[in-house]
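Read off the chains here:
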Amino acid sequence: MDEEGRFPQEALDALVANDLHAVHVPEAYGGAGADALATVIVIEEVARVCGSSSLIPAVNKLGSLPVVLSGSEELKHRFLGPLAKGDAMFSYALSEPDAGSDAAGMKTRAVRDGDFWVLDGVKRWITNAGVSQYYTVMAVTDPEKRSRGISAFVVDKDDEGVSFGAPEKKLGIKGSPTREVYLDHVRIPADRMIGAEGTGFATAMKTLDHTRITIAAQAIGIAQGALDYAKGYVKERKQFGKPIADFQGVQFMLADMAMKLEAARQLTYAAAAKSERVDGDLTFFGAAAKCFASDVAMEVTTDAVQLLGGYGYTRDYPVERMMRDAKITQIYEGTNQIQRIVMARNLP
Ligand SMILES: Cc1cc2nc3c(=O)[nH]c(=O)nc-3n(C[C@H](O)[C@H](O)[C@H](O)COP(=O)(O)OP(=O)(O)OC[C@H]3O[C@@H](n4cnc5c(N)ncnc54)[C@H](O)[C@@H]3O)c2cc1C
């Protein structure tokens, strides 16, 4: 997938066949009803082999959680059912060309027209765009009120006026399509609004409190995959007449990698338990897990490349892909600078 930069259809088919593509959907809507920790473990295990494929269960949760958290019963039945069955995927459309870290600065507009809303704007960097059937789109309904004037909507790929940009050419997660979503006079029934008018930004942020933990899971999965590979390699590779695993300098690197990774995993699992209970300190823990785990993943994957020497730097071995894939976990769902701002504002 990495080499060809194409969507991992085989992985999607395997995940759907095993009911692992959107495990978070509650049983009431036809889903597997996995709790936050079980969802984290699914994403972690997929990421251990393929970071791009792990974005299937992760983004299905990200895209649909606004509906789970704030949607009407009717919206839940209508849109979570096909997701649970594997008939449709769900994406999350918050970012725009000029509104990334400052997401509330978005320009996409939704204007009321009788029993309809008409959406116009450009969403950028949308994971699984074009592949997903459904999109949670945040749009400005009252420009005077800034973040309190933003509302969330479910947009269907087949709605008239929806189209997609060319796939971005990325450093990593090349199997995961990232495209712009164009909304050109998209007229949708008013009942597609998620929650009340003006609550879309709050729902979008509440969603991220939960789903940053799934990015932490992706990060620890990628790092574990790299550590697994490096651990095997150092036993096979001989220099100076013995396996490089016999050198204390190499052993200390592996010990540090495993130690940091385990600390990241425990923080992520603790955060997942808080997500399940919706604890008061969830916002801090969601940001901390994502920030810490992604920084650890970058360190561990970089060290894995180091342990393979020149071979690690080639595409004949999987660790350079893991290093490239790890990088995105420090950037999306809020950069790690933004996570530190969130933590500082929500110190426990
Ligand atoms: C592959 C990929 C997939 C993505 N998927 C999605 C998706 O599915 N849905 C979606 O809505 N978005 C998605 N995103 C968007 C992603 O969340 C944004 O790229 C991210 O939030 C950063 O925004 P930006 O790129 O505009 O960077 P900017 O906000 O321009 O930031 C540039 C730099 O400035 C720093 N910075 C900005 N403000 C501050 C501050 N106040 N203090 C300190 N430093 C600051 C940032 O940390 C960063 O280092 C995706 C992005 C990528 C690359």
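Bear in mind that the values here come from a model prediction, so they are computed numbers and not experimental data.

### A look at unusual backbone geometry
Right, on to step 1. One non-glycine residue, Ile 173, lies in positive phi territory at about 30 degrees.
Right, on to step 2. Relative to the elements of secondary structure, Ile 173 occurs in the loop between β6 (162–164) and β7 (178–189).
Right, on to step 3. Although it is not a glycine, Phe 240 adopts a positive phi angle of roughly 55 degrees.
Right, on to step 4. Position of Phe 240 among the secondary structure elements: in the loop between β9 (238–239) and β10 (242–243).

### Thoughts on the site of the ligand
Right, on to step 1. Surveying the vicinity of the ligand reveals 18 residues, the closest of which are Ser 95, Ser 101, Trp 125, Thr 335 and Gln 337.
Right, on to step 2. Within the side chain of Ser 101, a nitrogen or oxygen atom sits 2.6 Å from an oxygen atom of the ligand.
Right, on to step 3. The separation between an oxygen atom of the ligand and a polar side-chain atom of Gln 337 is 2.7 Å.
Right, on to step 4. Burial of the ligand by the surrounding chains reaches 65%, relative to a free accessible area of 970 Å².
Right, on to step 5. For the ligand, the cavity whose grid points lie within 2 Å of the majority of its atoms is the largest pocket.
Right, on to step 6. For the shell around the ligand, the elements supplying multiple residues, two or more each, are β3 (116–127) and α10 (336–345).
Right, on to step 7. No other element matches the three residues that β3 contributes to the shell around the ligand.
Right, on to step 8. Partitioned by chemical class, the residues of the shell around the ligand number nine nonpolar, seven polar and two charged.

### Regarding the layout of surface pockets
Right, on to step 1. In this structure, the largest pocket encloses a volume near 1,200 Å³.
Right, on to step 2. Per-element accounting of the lining of the largest pocket gives the leading share, six residues, to helix α5 (residues 200–236).
Right, on to step 3. Looking at side-chain class alone, the lining of the largest pocket contains 22 nonpolar, ten polar and nine charged residues.
Right, on to step 4. The calculated volume of the second largest pocket comes to roughly 270 Å³.
Right, on to step 5. Lining the second largest pocket we find 15 residues, and of these His 24, Lys 61, Leu 65, Val 68 and Glu 276 sit closest to its centre.
Right, on to step 6. Only α2 (36–47), α3 (51–70) and α6 (248–277) provide two or more residues apiece to the lining of the second largest pocket.
Right, on to step 7. Here the lining of the second largest pocket gets four residues from one element, more than from any other, and that element is α3.
Right, on to step 8. Per-class residue counts for the lining of the second largest pocket are seven nonpolar, five polar and three charged.

Definitions and limits used
Residues numbered from 1 in each chain as written. Predicted model: local features only at pLDDT ≥ 70, side-chain atom pairs only at ≥ 80, totals over all residues. Heavy atoms only, no water. Helix = DSSP H or I, 4+ residues; strand = E, 2+ residues; numbered from the N terminus. Near = heavy atom within 4 Å. Polar contact = N/O pair within 3.5 Å; in protein donor to acceptor, adjacent residues only side chain to side chain. Areas by Shrake-Rupley, 256 points an atom, 1.4 Å probe, with all protein chains shown as cover. 1 Å grid on protein atoms, 1.4 Å probe; cavity = no way out; pocket = protein on both sides within 12 Å on 5 of 7 lines; lining within 4 Å. Sits in = over half its atoms within 2 Å of the grid points. Nonpolar A, V, L, I, M, F, W, Y, C, P; charged D, E, K, R; others polar. Points joined across faces, edges and corners; volume = space filled by probe spheres on them.

The analysis is restricted to geometry; functional conclusions fall outside its scope.
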